[in-house]
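Inside the fold
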Amino acid sequence: MNLKIYLDNNATTKCDEEILNAMLPYLKENFGNPSSLYSFSKEVKDKVTEARKNVAKLLNAKESEIIFTSCASESNMSAIMNAVKNNPTKKHIITTKVEHASIMETMKYFEIQGYEITYLSSDNKGRIDLTELKNSIKKDTLLICVMMANNEIGNLYPINEIGEIARENQILFHCDAVQAVGKVKIDVQDMKIDTLSLSGHKIYAPKGIGVLYVKKGISFTPLIFGHQENNRRGGTENVPYIIGIGKAAEMIIKDDYKSVEKLEMLRNQMEVKIQNGIEDVYFYGDLKNRLPNTTNVAFKGLKGEELLFVLENYEIYVGIGSACNSKNAEPSHVLKAMGIDLSNSSPIRISLGKYNTEEEIDKFVATLSRVVKMLRRRK
Ligand code: PLP
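Residue numbering note: each chain is counted from 1, following its sequence as written. Where totals are concerned, whole chains, interfaces and linings use all residues; where local detail is concerned, this predicted model gives features only for residues with pLDDT of at least 70, and gives and counts side-chain atom pairs only at 80 or more. Working from all heavy atoms in the structure, the side-chain values ignore hydrogens and water.

1. Remarks on the sheet that holds strand β10 (residues 294-299)
Strand pairing follows a simple DSSP-based rule, namely that at least 2 bridges must link the two strands. Strands are runs of DSSP state E lasting at least two residues, helices are runs of H or I lasting at least four, and both sets are numbered from the N terminus onward. Here we have three strands laid out as an open sheet, ordered β9-β10-β12, and antiparallel in their pairing. Looking at which strands have only one partner, the edges of the open sheet turn out to be β9 (281-284) and β12 (348-351). For this sheet, the mean inter-axis angle between neighbouring strands, taken without regard to orientation, is 30°. Both β10 and β12 contribute to a ladder of four bridges, which runs antiparallel. Paired with N296 across the two strands is R349, which belongs to β12. Here the axes come from fitting lines to C-alpha atoms, over the contacting stretch only for helices, and the angles between their N-to-C directions go from 0 to 180 degrees.

Printed below as a string of structure tokens:
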């Protein structure tokens, strides 16, 4: 029996058995290189094509617009680098204060290179202001870079409107859709997105596989030169993992977001139970417009880290923001941007996934309630 209660699905998800089984033959007997000319490799090549078709379908993109990468961090960096290369005379980029570290660090790099970066502010619910976005546009703005959904608070950002603004002003629009995919319908054409990033390990495929969508007509300079991926990313294809992310896309299409409704119901029930069972709780983020699986919640007088470590003793796993930040216990840049006072209490992030059950949630809330009371008594 598996006693662990895993509630950190925004950090990573468990690989789905169906996905794993689709991958396994390509780690065993079907090990051919898709570039080889003999028929033994033909099936492998066809499988990569099938995966590309499924990912393209999920995004309403063309197969030729999909590049498989090693992770979404690579996709993000590659997209930003490319926007810069495509606009050698322009020096200004607009992003937000609440992006993932892979975007923030790339922006820092370009700041050091002399580029001007406008970081759109966030209100106390983590929302951005489209008027501020419009007012920030300059003659030499080369890129608008806004995530679809926030990994810490779950907020959904107004991507349709941002796409419209970017297109009207003939500025490239890059969207990090890592947390949104599988939970929110994505249509790169409707949303007027020029480049977009995805990651396999947030949708029940393994870690170490990503996707970069590049709209047809945008010239693309690879980060790694080579003939693979239609000359846009060198390196022998990571065939089993590409098949894995393709299968994940196929499963999302088949499910047609039905399981998302269940996930949202479970999350909402959990929040009611927390609210009713524990005193002085604060829910953060845009509660009316957020991912169906994410809760960011603080308990008066308690730090997220202490809760995380005590819950771990009960084999319950939650997050405290970005997975990459958890170790260094730095205050979250997202919560800081929201102006939240973290001196007395700080939140935990609970992110549900498709394997969580009502029984698990009940056990979790009961344990959380006991832990909060115990920690508060000790203060
Ligand atoms: N963008 C967001 C919003 C994320 O949450 C993550 C991972 O946590 C990434 C990008 C990076 O994804 P990867 O681990 O595939 O590099």
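So that's the structure; there's more coming.
2. As for the packing of aromatic side chains
Aromatic rings considered in pairs are described by the distance between their centres and by the relative angle of their planes. Only Phe, Tyr and Trp rings are paired, with Trp represented by its six-membered ring, and only when their centres lie within 6.5 Å; those with planes under 30 degrees apart are stacked, over 60 edge-to-face, the remainder tilted. Evaluation of the coordinates by the stated rule reveals five aromatic pairs. Arranged with centres 5.7 Å apart and planes meeting at 90°, the rings of Y204 and Y355 form a pair that is edge-to-face. Pair noted here: Y204 is in the loop between β7 (195-199) and β8 (210-214) and Y355 is in the loop between β12 and α12 (358-378), with a separation of 151 residues, a long-range link. When a residue's accessible area, from a 1.4 Å probe over protein chains only, is under 20% of the maximum for its type it is buried; when over 50% it is exposed; and in between it is partly exposed. The exposure class assigned to Y204 is buried, which follows from its relative accessible area of 13%. When its relative accessible area of 38% is taken as the criterion, Y355 is described as partly exposed. Aromatic rings pair up to connect F31, Y38 and F40 into one cluster. We call a charge positioned above a ring when the Lys NZ or Arg CZ atom is no farther than 6 Å from the ring centre and deviates by at most 35 degrees from the ring normal. For K14, the ring lying beneath its charged end belongs to Y355, and the centroid distance is 5.4 Å. A cation over an aromatic ring shows up here: K91 above the ring of Y115, its NZ or CZ 4.3 Å from the ring centre.

3. Structural notes on the site of the ligand
In the vicinity of the ligand there are 14 residues, among which S73, D176, Q179, S199 and K202 approach most closely. The separation between a nitrogen atom of the ligand and a polar side-chain atom of D176 is 2.6 Å. Any pair of N or O atoms that falls within 3.5 Å is considered a polar contact. Within protein, one atom must be able to donate a hydrogen and the other to accept it, and sequence-neighbouring residues count only if both atoms are side-chain atoms. Contact distances for the ligand include 2.9 Å between an oxygen atom and a side-chain N or O atom of H201. Accessibility throughout is a Shrake-Rupley quantity obtained with a 1.4 Å probe, and a residue counts as covered only by protein chains that appear here. In the complex, the protein chains occlude 91% of the 400 Å² of accessible area that the ligand would expose alone. Taken together, the residues of the shell around the ligand break down into four nonpolar, eight polar and two charged. When at least one non-hydrogen atom of a residue lies within 4 Å of a molecule or strand, that residue is treated as near it. Nonpolar residues are Ala, Val, Leu, Ile, Met, Phe, Trp, Tyr, Cys and Pro. Charged residues are Asp, Glu, Lys and Arg, and all others, Gly as well, are polar.

4. Things to note about the environment of L375
Tracing the backbone through its elements, the reader meets L375 in helix α12. Residue L375 is classed as buried on the basis of its relative accessible area, which comes to 5%. Spatially, the C-alpha atom of L375 lies 9.1 Å from that of G301, the residues being 74 residues apart in sequence.

5. Let's talk about the domain arrangement of the protein chain
An automatic or database domain assignment supplies the residue ranges for each domain. Each assigned domain of the protein chain is listed here: domain 1 (5-13 + 257-378) and domain 2 (17-255). Across the contact, 33 residues belong to domain 1 and 36 residues belong to domain 2. Two parts placed together each lose some accessible area under a 1.4 Å probe, and the buried area is that loss summed for both. For domain 1, the biggest contributors to the area lost against domain 2 are T13, Y257 and L291; these three give 25% of the whole. On inspection of domain 1 and its partner domain 2, the count reaches 20 residue pairs in polar contact (both at pLDDT 80 or more). The element best represented in the side of domain 1 that touches domain 2 is helix α11 (residues 333-337), accounting for four residues. Classifying every residue of the side of domain 1 that touches domain 2 gives 13 nonpolar, 15 polar and five charged. The criterion used for residue contact is that any of the two residues' heavy atoms lie within 4.5 Å.

6. Examining helix α4 (residues 101-112)
Its twelve residues place the ends of α4 16 Å apart at the C-alpha level, agreeing with the 16 Å of an ideal helix rising 1.5 Å per residue. The inward-facing, buried residues of α4 abut α3 (72-86), β3 (92-96), β4 (116-120), β5 (141-145), β6 (172-176) and α11. One or two steps after α4, the chain reaches G114, where phi turns positive at roughly 100°. The span one expects for a helix is its residue count, reduced by one, times 1.5 Å.

7. Overview of a nonpolar patch on the surface
Exposure above 30% relative accessible area and no salt bridge define the residues that can form patches, which grow by joining like charges within 9 Å and nonpolar side chains of Val, Leu, Ile, Met, Phe, Trp and Tyr within 5 Å. A pairing counts as a salt bridge when a side-chain nitrogen of Lys or Arg comes within 4 Å of a carboxyl oxygen of Asp or Glu. A contiguous nonpolar surface patch, about 360 Å² in accessible area, is contributed by F31, Y38 and F40. Take F31: it is sitting in the loop between α1 (17-23) and α2 (39-59). In this structure F31 comes out as exposed when scored by relative accessible area, which is 59%.

8. Some thoughts on helix α6 (residues 159-168)
Buried residues of α6: I159, I162, G163, I165 and A166, and no others. Each buried residue of α6 sits inside an arc of 165° when the element is viewed along its axis, so together they form one side. Next to the buried residues of α6 lie α5 (130-136), β5 and β6. Q170 lies just past α6 and shows a positive phi near 55°. What the arc describes is the spread of directions from the helix axis to the C-beta atoms.

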